[in-house]
Each structure stands twice: as structure tokens, then as C-alpha cells.
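# A structural walkthrough
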Amino acid sequence: MAHKHSRWWIFNQGPPDLDEVWRQFLRRLKGGKPGAGAPPPRPGKGIPLIPLPTPERMVLVGVAVVLVIWLLSGFYIVDAGRVGVILRFGKFQELTDPGPHWHLPYPVEAQAVGSPLNVAQVRTVELGYRNTLKSKVLHESLMLTDDENIIDNQYAIQYTIKDPKDFLFNNRNPDGAVVQAAETAIREVVGRSKMDYVLYEGRSQIAAESEKLMQQILDRYHTGIAISKVNMQNAQPPEPVQAAFDDAVKAGQDRDRQNNEGQAYANDVIPRARGAASRLNEEAKAYAQRVVAQAEGDASRFNQVLVQYLKAPEVTRQRLYQDMMQQVLTNTSKVVADQKSGTGLLYLPLDKLIQASALANLAGSDSTANAVSPAGGGTSASPQETPPESDLRGRDALRTREREVRP
């Protein structure tokens, strides 16, 4: 009966003594009896008895617990924007997308160092400076241009991960690889450009060409890096020659200003001079055409008159004389009396006389119109203007013709 009760623990009052339970457990493992050297416990009334586990059971339970824990260690979760990288015995096995996953527990399979990778993150490295533009790194920022000048420029390069496998296994220092590729590409592009082009109008083009060349270098080495943006933060001459460079820039600006002013003056004067020359040329051509046309007209008229004159010389001469006298007397205010006709009827051009008198009054002349005597046939001259040149030529022609008619 005592042996029977020695295999049971009876919880009679309160919790059991943990030290005593542990000692009994050790004795059982050594093959002893749990009640040796101690009074056997007395069974209680109405309390269930719990059997003690055997050593074999305890070993199996421990192994099962360890196996479950080992299997559960293979569960992992990949967050959004990240990619898991699984290795099997240290060799790349697969990439896993965001969400819960399971792999064979260590040491069969494990996640790579740095996994899961944040492929959505935009990383930034600096070339030519650190943290602020004032903290310059001269061995990175000083570059030689095509015209043998030195410039001091700083860049910020942004990149992302496009291939997690290449990024993890082909890069020992990704940021360092990007900096070295950026320095190589930018020095090549700047070395093909002039200093003024890099400092002023070509800043965006320099960044774009450097980005393209940089991506080619990184792809050639299978780095798994994608360049997203290259920003030129600053570009200027080196500090020791900054003052001299500013003076040269000001001199160049003054030269450009004076050239622009001279060009503006030339643009104002030259078109006007060309316009005046063109106008004079056109006027000369018009005058030449007018003179030639008038001369041709006079010659044609003379030829026509000559033909009629040869047909009837007396009639033609008389007609020419009358036309010329009509033209002469029309343009003069003098009164002409014909003494040969023997008539006392005179023609007085009152309108011409009134006009001549008005002109004399306006000019302040003291002369007055003289009356013409019917018997004497004489005329008195009133103040007149100098006859036009055409009238003088007409009179000379008339006198010439009269001389020819006279025997």
C-alpha cells in the first residue's frame, strides 16, 4: 500500500513544495524511490490524483516542443514595399513578395543579411560635399573642363534598387559604388564641356548626360541599382580665383552690353540709310523716265508737225503762231493792241488785272494798274511776276519762226 501511494502526488492543502517536487524528480531519474527518507504522503478525500510523467515521456515531450519551435522559426512577414531574399545553405534560392511566408528553418534556409530589402526607398548619396554645401570634399568636387579651367561643383545622386539579388550579392558598399560611378561619369561629361557651359546654360544637360552614363556603368557591373535623379547643387570657380573670375565676368558683360548698343545703333541707322538711298535711286529712275518720255513725246510731236508743215507750210506756220500767241497771252496780264487791224475794239483781261493788283497789294508794292489808251495803242506795264521758263522758251521759238517766215 505504501508503494502504491508512493507513485502519486496528493495536493491536500495549498500548492506543492517546488523544491520537494524537483528533488523527487531527480531521484526518479537516478532510479530511487520518491518517498525514500521521507514519510509517504497521505491521500486526500475527493481530490483527483495526477500521475507523474516517466523519463521517456518527458524526453519525447521536450523533443516535440523543440521541433515545433524550430518549425515555427521559419515563418516570417515581408512588409509592403520590401522584398524577401531566401538562401538555402548560403546560396540564393528565391525572392518573396510582401505578405506572410514560410521557409525551411535554419540552418537549411534563412533570409539573407539585409533582407527584406526596401525596394521602394529612394536613397541619396552626395558627391563633392557632405551634409551641407559648406562641407566640401575638394578631391571630389574639383574637375577639369575642356578649355583647361577648373570648376568646383557638387552633386546629389538619388537611386533605388531594381534587382535585389544583384544589389545584395554584387555590392560590398552600394553607396560607395554609386559615388565612384557618379564621379567617373561626371568628370567625363565635364571634361568634354566648356567652363561657361557648365556654369550657366548647360547645367541641366550636364546632369542628364551624367545620369545616362552613370546608369550604363552600374549596369555593366550588375549592381542592381537604378539611378533616379542627378541634381547639380552648385557650380562655381575655385575659391582662390573667385574674385578674378567675377572681374572677368563683369568685363564680359560690359563687352556684350556695348556690342548690343552698337548693334542697336547700326540696326537703326543702316535701314534708314538704305531707305534713303533706295528713295533717291527710285527718284532718279523716275526723273530719267520722265525726261526720256518727255523728250520722246516732243520729238514725236515735232515729227508730226513737220509732216503737216511739209504738206501745208503756210497754214501750219499760221496755226503754230496762233497757238503760241494764245499760250503766251493766256499766261500774261498785259494788254496787247493790234494796230494793223485798224479797229478800236480792245480786249481787257479784267480778271488778270484784278489778280495782279491783289498780288501787288499783298506784296506791299506801291505800283498801280495803268490805263491803256485806245488811240495811241500803247500799253503800260503793271507789276508782274517773272514769266515762267516755259513761256520764255515759247516766245523764243515764236521769234525764231517769225524770222523764218519773213522774206
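My aim in this report is to walk through the structure given alongside it, one point at a time. Since we're looking at a predicted model, the values are computed, not measured.

Another aspect to go through is the pattern of salt bridges. Within this structure, the stated rule accounts for 17 salt bridges. Note that Arg-88 and Glu-109 form a salt bridge whose closest N and O atoms lie 2.4 Å from each other. In this pair, Arg-88 sits in strand β4 (residues 82–88) while Glu-109 sits in strand β7 (residues 109–111), placing the two residues 21 residues apart along the sequence. Arg-88 gets classed as partly exposed once you look at its relative accessible area, which sits at 35%. Between Arg-301 and Asp-298 there is a salt bridge, with its nearest N and O atoms 2.7 Å apart. Note that Arg-301 and Asp-298 are positioned in helix α9 (residues 242–311) at a spacing of three residues, about one turn of the helix. By relative accessible area, Arg-301 is classed as partly exposed at 48%. Within this structure, Lys-136, Asp-152 and Glu-239 form a network of salt bridges that share partners.

Moving on to the packing of helix α6 (residues 174–191) against helix α8 (residues 203–220). Between α6 and α8, whose axes approach to 8 Å, the crossing angle comes to 130°. Relative to α8, α6 is oriented oblique. α8 is crossed by α6, and the crossing has right-handed handedness. Listed contacts from α8 to Ala-177, Ala-181, Ala-182, Thr-184, Ala-185, Ile-186, Glu-188, Val-189 and Val-190 of α6 are Ile-206, Glu-209, Ser-210, Leu-213, Met-214, Ile-217 and Leu-218. Within the contact of α6 with α8, the residues separate by chemical class into twelve nonpolar, two polar and two charged.

This structure, assessed with the given rule, holds two aromatic pairs. Taken together, a centroid distance of 6.3 Å and an interplanar angle of 55° make the contact between Phe-75 and Trp-102 tilted. With Phe-75 in strand β3 (residues 75–78) and Trp-102 in strand β6 (residues 99–102), the pair connects residues that are 27 residues apart, well separated along the chain. An angle of 75° between the planes, with centres 6.2 Å apart, marks the rings of Phe-92 and Phe-169 as edge-to-face. Of this pair, Phe-92 sits in strand β5 (residues 91–96) while Phe-169 sits in helix α5 (residues 164–169); the two residues are 77 residues apart in sequence, bridging distant segments of the chain.

Another point: the packing of α9 against helix α10 (residues 313–330). Interhelical geometry of α9 versus α10 gives an angle of 130° and a closest axis separation of 5 Å. Classified by the angle their axes make, α9 and α10 are oblique. Seen from α9, the contacting residues are Val-305, Gln-308, Tyr-309, Leu-310 and Lys-311; seen from α10, they are Pro-313, Thr-316, Arg-317 and Leu-320. Residue composition of the contact of α9 with α10, by class: five nonpolar, two polar and two charged.

On the surface, Leu-67, Val-68, Trp-70, Leu-71, Leu-72, Phe-75, Trp-102 and Leu-104 cluster together to form a nonpolar patch covering roughly 760 Å² of accessible area. Broken down by element, the residue count for the nonpolar patch peaks at five residues, all from helix α3 (residues 55–72).

About the thresholds
Residues numbered from 1 in each chain as written. Predicted model: local features only at pLDDT ≥ 70, side-chain atom pairs only at ≥ 80, totals over all residues. Heavy atoms only, no water. Salt bridge = Lys/Arg side-chain N within 4 Å of Asp/Glu carboxyl O. Helix = DSSP H or I, 4+ residues; strand = E, 2+ residues; numbered from the N terminus. Buried < 20%, exposed > 50% of the residue type's maximum accessible area, 1.4 Å probe, protein only. Axes fitted to C-alpha atoms, helices over the stretch in contact; angles between N-to-C directions. Parallel < 35°, antiparallel > 145°, perpendicular 65-115°, else oblique. Left-handed = near helix turned anticlockwise from the far one by under 90°. Contact = heavy atoms within 4.5 Å. Nonpolar A, V, L, I, M, F, W, Y, C, P; charged D, E, K, R; others polar. Phe/Tyr/Trp six-rings, centres within 6.5 Å; stacked < 30°, edge-to-face > 60°. Patch = residues over 30% accessible without salt bridge, like charges linked within 9 Å, V, L, I, M, F, W, Y side chains within 5 Å. Areas by Shrake-Rupley, 256 points an atom, 1.4 Å probe, with all protein chains shown as cover.

Any functional reading would require information that these geometric values do not contain.
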